[in-house]
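Structural characterization, general
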Amino acid sequence: MAGNIVTDVAAGDEFSMFVTRNRHNRETEVFGCGHNLHGELGAGNISHVQEVIKVESLSNYKITTEEGEKDVRINQISCGKNHCMALLSVGAVLEWGANEFGQLGNRKRVFSENPIIIKEFTDENVLKISCGHDNSAVICEYNEKLEEQKKKAKENQKKKTD
């Protein structure tokens, strides 16, 4: 982490995550350490980590758009007991770690040692994320136009089934 500016930090039950910005190239780099038996660090493996490591799967994160690959920053990170969420600068939300109580919100009950995008929020303007002990929350900006589109889609779906 030498040479980096810490922009956010979060801690779970027995692990810690650090979001940093590299002073030289301004890229986002994520580091973590501690308990990792449910994939809490998002590092793609399952093992305790006693030293601070760079989490490559979250560092210098890129997404693919119609224009090609785009660099994104992690604006916020939040940790629960054994899971995490990250809010990206483009409004997308990543999640990883334990999931026995559905805290990842992906309708599965298996942990994820790799970060995954929460698809339910890809069309939303996410303002804030928060992880509790075994739960997660996302605050979105109200989008009247999007809500009207959803309402019309539901009405059309209902007409098709009637």
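Cut-offs applied
- Residues numbered from 1 in each chain as written.
- Predicted model: local features only at pLDDT ≥ 70, side-chain atom pairs only at ≥ 80, totals over all residues.
- Heavy atoms only, no water.
- Helix = DSSP H or I, 4+ residues; strand = E, 2+ residues; numbered from the N terminus.
- Buried < 20%, exposed > 50% of the residue type's maximum accessible area, 1.4 Å probe, protein only.
- Contact = heavy atoms within 4.5 Å.
- Areas by Shrake-Rupley, 256 points an atom, 1.4 Å probe, with all protein chains shown as cover.
- Lys, Arg positive; Asp, Glu negative; His and termini not counted.
- Charge placed at Lys NZ, Arg CZ, Asp CG, Glu CD.
- Pairing = 2+ DSSP bridges.

Re the overall build of the protein
Across its full length, the protein holds one helix and twelve strands. Ordered by position in the sequence, the α and β elements of the protein form the string β-β-β-β-β-β-β-β-β-β-β-β-α. Projecting the C-alpha coordinates of the protein onto the three principal axes gives extents of approximately 60 × 35 × 25 Å. Evaluated residue by residue, the protein yields a buried proportion of 38% over its 162 residues. Within the protein, contacts between residues separated by at least 24 positions form 40% of all contacts whose residues are at least 6 apart in sequence. Surface exposure of the protein reaches about 9700 Å², of which carbon and sulfur atoms provide 47%. The protein carries 21 positive and 25 negative side-chain charges, and their two centres are separated by 6 Å.

Remarks on the pairing of strand β1 (residues 4-11)
In this structure, β1 lies alongside strand β2 (residues 15-22), joined through seven bridges in antiparallel fashion. If you follow Asn4 over to β2, its bridge partner there is Asn22.

Topic: unusual backbone geometry
Even without glycine at this site, Asn60 takes up a positive phi of about 50°. Residue placement: Asn60 occurs in the loop between β4 (49-54) and β5 (62-65). On the basis of relative accessible area, Asn60 is assigned to the partly exposed category, the value being 23%. Despite not being glycine, Arg107 shows a phi value in the positive range, around 60°.

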